[in-house]
Amino acid sequence: MITIVDSGGTNIASIKFALKRLGVEARLSHNAEVIKKSSHVILPGVGSAATAMDRLKKYKLINTLQSLKQPVLGICLGMQLLFDFSEEGNVECLKLIPGKIKKLSKKNKLSMPHIGWNTFEIIKKNQLLKNITDNSYAYFVHSFSAPTTEHTAAITHYGKAFSAIIQYKNFFGTQFHPERSSEIGAMILQNFLET
């Protein structure tokens, strides 16, 4: 059973459709017991870190998410919530991965937010990247980014390098939207489901 955490992200419908195209039904829930019993958990996110964390606190899901042993995939904001802290609203996050989420730099007169197709560079193989080639394109929409750390599997450049894919134990994350990233995104979701 695949569960999408009801964290208020606006990309939930597109994630469900992307999974359905892979022949998988997923349910949306904020029930801790449902989430704990799931084979795979997806933490979506389009919106602000402070709002998403408030929603997770409201449903008393912080400890639940921190204690999960099954594969967990954070998408976009969902990935950022896995880190210690976000400058977006100056909020403490789930503290599963060390690091601070920071606003993307406007130097080089880059437009904000970072929207559209961009490549990612693989720096460490992991399950999400099975059969994925280096410099593949994915679809990004974000104004904040995660640092590159020992848990970074792929990086993207937009003004500076930042984590595009991360993994720490059973926690995975993509800064981009696999549900909107065509064949590459579908492969990444399939790889996650096979974890």
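Just above sits the structure.
These numbers come from a predicted model, not from an experiment.

Scanning the protein chain for helices and strands turns up six helices and 13 strands. Against the 2.2 N^0.38 benchmark of 16 Å for 195 residues, the protein chain shows a C-alpha radius of gyration of 15 Å, consistent with a compact globule. Once the C-alpha set of the protein chain is aligned to its principal axes, its extents read approximately 45 × 35 × 30 Å. Here the protein chain holds 195 residues, and the buried ones make up 53% of them. Intrachain contacts of the protein chain at a sequence separation of at least 6 include 69% that bridge at least 24 residues. Put simply, the protein chain shows about 8700 Å² of open surface, and 51% of that area lies on carbon and sulfur atoms.

It is worth spelling out helix 6 (residues 182-193) at this point. The terminal C-alpha atoms of helix 6, which comprises twelve residues, lie 17 Å apart, in line with the 16 Å expected from a rise of 1.5 Å per residue. Turning to helix 6, its buried residues are I184, G185, I188, L189, N191, F192 and L193.

Attention now goes to the sheet that holds strand 7 (residues 97-103). Sheets are built from strands paired through backbone hydrogen bonds, the pairs being either parallel or antiparallel. In space, the four strands of this open sheet follow the order 6-5-7-10, with mixed pairing throughout. Among the strands making up the open sheet, the edge pair consists of strand 6 (91-92) and strand 10 (144-145). By the bridge criterion, three bridges tie strand 5 (residues 83-86) to strand 7 in an arrangement that is parallel. Opposite F85, over in strand 7, you have K100 as the bridge partner.

This part covers the pairing of strand 7. Where strand 7 lies against strand 10, two bridges are found, and the strand directions are antiparallel. Across the sheet, the residue bridging to K102 is S145, located in strand 10.

Let's shift gears to the packing of aromatic side chains. The geometry of an aromatic ring pair is captured by the separation of the ring centres together with the interplanar angle, meaning the angle of the planes. This structure, assessed with the given rule, holds five aromatic pairs. Between W117 and Y139, the ring centres sit 5.7 Å apart and the planes meet at 70°, which makes this aromatic pair edge-to-face. On the criterion of sequence distance, the pair formed by W117 in strand 8 (residues 114-122) and Y139 in strand 9 (residues 136-142) is long-range, its members being 22 residues apart. Accessibility expressed as a relative area gives 15% for Y139, which makes it buried. Geometrically, the ring pair formed by F140 and F176 is edge-to-face, given 5.6 Å between the ring centres and 70° between the ring planes. Residue F140 is found in strand 9, and its partner F176 is found in the loop between strand 13 (171-174) and helix 6; the two are separated by 36 residues along the sequence. Looking at F140, the relative accessible area reads 0%, which means it is buried. Look at F176 and you get buried, because its relative accessible area is 0%.

Here we take up the nonpolar core. L19, I42, L73, F120, I165 and F176 are the most contacted members of the largest nonpolar core, which has 33 residues in total. Breaking this core down by element, the ones donating at least two residues are strand 1 (2-5), helix 1 (12-21), strand 4 (72-75), strand 8, strand 9, strand 11 (152-158), strand 12 (160-168) and helix 6. Those residues in contact with I42 that lie beyond four places of it in its chain are I2, T3, I4, V5, I15, L19, L73, I75 and F192.

Attention now goes to the sheet that holds strand 8. The nine strands lie next to each other as 2-1-3-4-13-12-11-8-9, forming an open sheet whose pairing is mixed. Of all strands in the sheet, those bounded by a partner on one side alone are strand 2 (26-29) and strand 9. Sheet twist, expressed as the average angle between the axes of neighbouring strands with direction ignored, equals 30°. Where strand 12 lies against strand 13, four bridges are found, and the strand directions are antiparallel. Counted as the bridge partner of Q167 is F172 from strand 13. This element, helix 1, spans strand 1, strand 2, strand 3 (40-43) and strand 4 of the sheet and lies at about 165° to strand 1.

The rules behind the values
- Residues numbered from 1 in each chain as written.
- Predicted model: local features only at pLDDT ≥ 70, side-chain atom pairs only at ≥ 80, totals over all residues.
- Heavy atoms only, no water.
- Helix = DSSP H or I, 4+ residues; strand = E, 2+ residues; numbered from the N terminus.
- Rg over C-alpha atoms; globule rule 2.2 N^0.38 Å.
- Buried < 20%, exposed > 50% of the residue type's maximum accessible area, 1.4 Å probe, protein only.
- Contact = heavy atoms within 4.5 Å.
- Areas by Shrake-Rupley, 256 points an atom, 1.4 Å probe, with all protein chains shown as cover.
- Expected span 1.5 Å × (residues − 1).
- Pairing = 2+ DSSP bridges.
- Phe/Tyr/Trp six-rings, centres within 6.5 Å; stacked < 30°, edge-to-face > 60°.
- Core = buried A, V, L, I, M, F, W, Y, C linked by side-chain atoms within 4.5 Å.
- Axes fitted to C-alpha atoms, helices over the stretch in contact; angles between N-to-C directions.

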